[in-house]
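Notes for the structure review
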Amino acid sequence: MLENINISFGNGTNDTDIDPGWRYVVEGIELYYTFIVIALGTVGNCISVLVFFTTKLKKLSSSFYLAALAVSDTGFLISLFATWLNSFGVSLFNTSGLCEMNIYLTFVCSFLSAWFVVAFTVERFIAVRYPLRRPSMCTVARAKIVLASLTVLALILYVPSIWLAQIKTHDDKPICDLNPQYTELALVINHVDFVVTFILPFFMIATLNAWISLMVWQLARIRRGLTLTSTHIRRDSNCRLPQHSVRSSGSQTKVTKMLLVVSTVFLCLNLPSYVLRVRLYVQGSESKSQQENLPILQHVAHVLFNSNFGINFVLYCVSGQNFRRAFCSLCCSCTRLRRRTDSSQVTGNGVLRAAKKTFKSGSFPTFSTLLP
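A few points on the structure. (Residues numbered from 1 in each chain as written. Predicted model: local features only at pLDDT ≥ 70, side-chain atom pairs only at ≥ 80, totals over all residues. Heavy atoms only, no water.)

1. A word on the state of the cysteines
- In total, this model carries one disulfide according to the counting rule given.
- Here C99 pairs with C176 through a disulfide, and the sulfurs are 1.7 Å apart. On the sign convention where negative means left-handed, the S-S torsion of about 55° between C99 and C176 marks this disulfide as right-handed. Here C99, found in helix α3 (residues 98-129), pairs with C176, found in strand β2 (residues 173-178); they are 77 residues apart in sequence, far enough to count as distant. (Disulfide = S-S within 2.5 Å. Helix = DSSP H or I, 4+ residues; strand = E, 2+ residues; numbered from the N terminus.)

2. As for empty space enclosed by the protein
- Taken as a whole and judged by the stated rule, the model has five cavities of 30 Å³ or more.
- Each pocket or cavity is described by its volume, and for the largest cavity that value is around 90 Å³.
- Those elements that provide at least two residues to the lining of the largest cavity are α2 (61-85), α7 (244-282) and α11 (321-361).
- In terms of residue class, the lining of the largest cavity is built from seven nonpolar, five polar and one charged. (1 Å grid on protein atoms, 1.4 Å probe; cavity = no way out; pocket = protein on both sides within 12 Å on 5 of 7 lines; lining within 4 Å. Points joined across faces, edges and corners; volume = space filled by probe spheres on them. Nonpolar A, V, L, I, M, F, W, Y, C, P; charged D, E, K, R; others polar.)

3. Concerning the packing of α2 against α3
- Across the interface, α2 lies against α3 with an axial gap of 9 Å and an inter-helix angle of 155°. Relative to α3, the element α2 is oriented roughly antiparallel. Between α2 and α3 the crossing geometry is left-handed. (Axes fitted to C-alpha atoms, helices over the stretch in contact; angles between N-to-C directions. Parallel < 35°, antiparallel > 145°, perpendicular 65-115°, else oblique. Left-handed = near helix turned anticlockwise from the far one by under 90°.)

Rendered as structure tokens:
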């Protein structure tokens with residue numbers, strides 16, 4: 001996270017090691033791609049929150065985790081936008097107060113995004129491993145408690161990061177840079193952040209995903225067997241077996257598959273960035289020929305890392321059948337409301353025109369005409 005204030009804690013190289021032509025191409029692609037991620041990701045996250053909170057999905061505890069994830073991702077994108085504007089001479093990031101708060105917001109949102117993914121992965125593991133306990137353990141109230149606890153923890157944990165940055169003057173221009181008085185604190189926070197936002201979440205998500213995938217595969221085999229058995233029973237006895245449990249199980253399976261996709265993509269997009277961070281920590285001194293391609297890889301890893309905060313809406317639409325239905329239902333509701341409003345306006349305008357016509361003609365009802 002500290003790359004936003006030009007801090008380097010390894011023996012890595014900088015962009016001067018890249019051929020100038022390649023550097024301009026890579027930086028140009030990253031610049032405009034980042035804006036696309038910020039714009040579309042923010043819109044997608046806002047739509048996701050509306051879908052999760054205004055449709056039938058609001059009854060599911062997993063919707064609260066995903067809505068909170070969309071909010072934290074949007075917070076990171078807002079912080080990224082302030083940094084992105086700096087590339088065009090808009091020094092919003094290099095302003096006293098905003099510089100420190102931007103770094104703090106980046107740390108907090110990155111932490112929350114990782115642990116919200118962990119939270120709904122743990123819940124999904126409970127729902128699949130202990131299906132009878134799911135109604136009592138995977139509740140909306142419990143989800144709210146978990147989300148509130150993680151948020152408070154993040155807000156407290158990264159308070160020291162506010163003092164890491166300060167405004168300096170370079171070439172008569174203010175820049176947000178590391179405060180030299182807190183270099184050691186910055187190293188400690190960077191190491192702690194690396195552990196709590198990647199090492200622990202990565203192993204927890206990877207382990208739980210593998211376990212969930214195995215259980216889903218086993219349940220799918222059992223369900224296929226039960227389906228064949230029920231088909232034979234209906235043919236033999238002309239009776240119909242209750243379908244409520246089958247439908248409920250199928251719905252839970254759809255939710256599980258969507259959450260598996262989201263958490264797996266999270267791991268894939270974050271992995272390159274953190275692998276490079278590990279390399280910078282442990283590589284020591286290397287020859288220039290061994291490091292010459294590292295800056296390009298850093299740009300690619302940074303692009304993938306930022307993509308993680310703006311891609312979830314696409315993942316929901318692609319992998320979540322329930323989300324697609326809820327989204328279409330929301331769009332249809334908005335369309336019906338707009339048509340109803342337009343119809344009311346047309347009716348009101350018609351009445352108004354009729355009244356004006358009557359007024360002009362002078363054909364008003366008299367008191368005598370109203371009597372029987």
